[in-house]
Amino acid sequence: MSSPVRVVVSVGTDHHPFDRLMGWLETWYAAQGDGVTLFVQHGSSRLPGTADGAVLMPREELRARMGEADVVVLQAGPGGIIDALVMGRRPIVVPRLPELGEIVDGHQVAFARHLAEQDQIDVAEDEPGLARLLDESVASPGSRVRERYVVRSAETARRIGDIVEQLVASGGRELPTEG
């Protein structure tokens, strides 16, 4: 018997509940049988049905779960998306909606659509779309695994430091652009 497909979900740390996503997951997961396991970091949202989960967890523990998962589903927060990419997973992203009280403004929709246009993520903006992406992922285990994104934080810090030093040396005047 093959091992079950592992789905890991995170709604991040925002205090707004994301029960719309929890309901969609609950409906989808109920139809899966023994072929899928579901772990949800659910924050202030309710835990869907019989899924395993945690309210919050240390970032490194959540990253480790993402790295072991066959499928990662996230809210459209940049931190979680970057974590999934760093762990070598192409996430399915469901943006929170301000009109449903899930977040304060529409930045998650814009951000998710932008990353989808860049072919970095897949966006599910409705329940059928999420179910389709999950079904496709479960039917093809490993299809969401990608090359790990390498964050070059030392290089980034060096470049930012150079810019700050130039700004201080210029006395706050506009810096010349690189050409």
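Presented here is a report on the structure given in the accompanying data block. (Residues numbered from 1 in each chain as written. Predicted model: local features only at pLDDT ≥ 70, side-chain atom pairs only at ≥ 80, totals over all residues. Heavy atoms only, no water.)

Quick word on the overall build of the protein
The following threshold applies: Secondary structure follows DSSP: runs of H or I at least 4 residues long count as helices, runs of E at least 2 residues long count as strands, and numbering of each begins at the N terminus. Buried residues are those whose accessible area, probed at 1.4 Å on protein chains only, stays under 20% of the maximum for their type, while exposed residues exceed 50% and partly exposed ones sit between those limits. Residue contacts follow a heavy-atom distance rule, with two residues in contact if any of their heavy atoms lie within 4.5 Å. Note on areas: Shrake-Rupley, 1.4 Å probe, and residue coverage restricted to the protein chains presented here.
A tally of helices and strands in the protein yields six helices and six strands. Helices (α) and strands (β) of the protein occur, in sequence order from the N terminus, as β-α-β-β-α-β-α-β-α-β-α-α. Taking all 179 residues of the protein together, 42% fall into the buried category. Nonlocal contacts in the protein, meaning residues at least 24 apart in sequence, comprise 59% of its contacts between residues at least 6 apart. Entry remark: accessible area of the protein is about 10000 Å², with carbon and sulfur atoms responsible for 54%.

Observations concerning helix 5 (residues 127–139)
In plain terms, the rule: Each helix should span, by expectation, one fewer than its residue count multiplied by 1.5 Å. Think of the arc as the fan of directions from the helix axis to the C-beta atoms.
Here helix 5 contains 13 residues, and its C-alpha end-to-end distance of 18 Å stays within 8% of the 18 Å for a straight helix at 1.5 Å per residue. Buried within helix 5 are the following residues: Gly129, Leu130, Leu133, Leu134, Ser137 and Val138. All buried residues of helix 5 project into a common sector of 160° when viewed along the axis, lining one side. Facing away from the buried side of helix 5 by over 90 degrees, the exposed positions are Pro128 and Ala139. Close packing links the buried residues of helix 5 with strand 1 (5–10), helix 1 (19–30), strand 2 (36–41), strand 4 (71–75), strand 5 (92–94) and strand 6 (122–123).

Some details on the side chain of Arg89
The cut-off we apply is this: Charge counting treats Lys and Arg as positive and Asp and Glu as negative, with His and both chain ends excluded. Any Lys or Arg side-chain nitrogen found within 4 Å of a carboxyl oxygen on Asp or Glu counts as a salt bridge. Here a polar contact is taken to be a pair of N or O atoms separated by no more than 3.5 Å, where protein atoms must pair a possible hydrogen donor with a possible acceptor and residues adjacent in sequence count only if both atoms sit in side chains.
When you line up the elements, Arg89 lands in the loop between helix 3 (78–86) and strand 5. The charged side chain of Arg89 is buried without a salt bridge, its nearest counter-charge being Asp70 at 6.4 Å. Of the polar contacts made by the side chain of Arg89, one reaches the backbone oxygen of Ala69; its length is 2.7 Å. If we ignore the near neighbours within four places in the chain, the residues touching Arg89 are Met66, Gly67, Glu68, Ala69, Val72, Ala84, Arg144, Val145 and Arg146.

Describing the pairing of strand 1
Basically, it comes down to this: Between any two strands, at least two bridges found by DSSP are needed for them to pair. If the strands point away from the viewer and the path from the first strand over the helix to the second runs clockwise, then the crossover is right-handed.
Extensive coverage of strand 1 is indicated by the burial of five of its six residues. One ladder, built from six bridges, connects strand 1 with strand 2; its direction is parallel. Its bridge partner being in strand 2, Val8 is matched across the sheet by Phe39. Tracing the backbone out of strand 1, into helix 1 and back to the parallel element strand 2 gives a crossover that is right-handed. Where strand 1 and strand 4 come together, four bridges link them in parallel fashion. Residue pairing across strands places Ser10 opposite Leu74, the latter belonging to strand 4.

Focus: the sheet that holds strand 4
Quick reminder of the rule: In this analysis, axes come from line fits to C-alpha atoms, helices being fitted only over the stretch in contact, and the angle between any two N-to-C directions falls in the range 0 to 180 degrees.
What the six strands build is an open sheet, ordered 3-2-1-4-5-6; its pairing is parallel. Each edge of the open sheet is held by one strand with a lone partner, namely strand 3 (52–54) and strand 6. The pairing of strand 4 with strand 5 spans three bridges and is parallel. Across the sheet, residue Leu74 finds its bridge partner in strand 5, namely Val93. Together, strand 4 and strand 5 form the strand contacts of helix 3, whose direction differs from that of strand 4 by roughly 165°.

Some details on the packing of aromatic side chains
The criterion, for reference: Each aromatic pair joins two rings of Phe, Tyr and Trp (for Trp, the six-membered one) with centres within 6.5 Å, and gets the label stacked for planes under 30 degrees apart, edge-to-face for over 60, and tilted for any other angle. Distance and angle both matter: a charge sits over a ring if NZ of Lys or CZ of Arg is within 6 Å of the ring centre and within 35 degrees of the ring normal.
If you walk through the whole model with that rule in mind, you get zero aromatic pairs. Above the plane of the ring of Phe39 lies Arg65, whose end atom (NZ or CZ) is 3.7 Å from the centre.

Some points on the environment of Gly106
Here Gly106 is to be found in the loop between strand 5 and helix 4 (107–117). Note on Gly106: relative accessible area 35%, which makes it partly exposed. Note: C-alpha distance between Gly106 and Arg96 (ten residues apart in sequence) is 7.8 Å.

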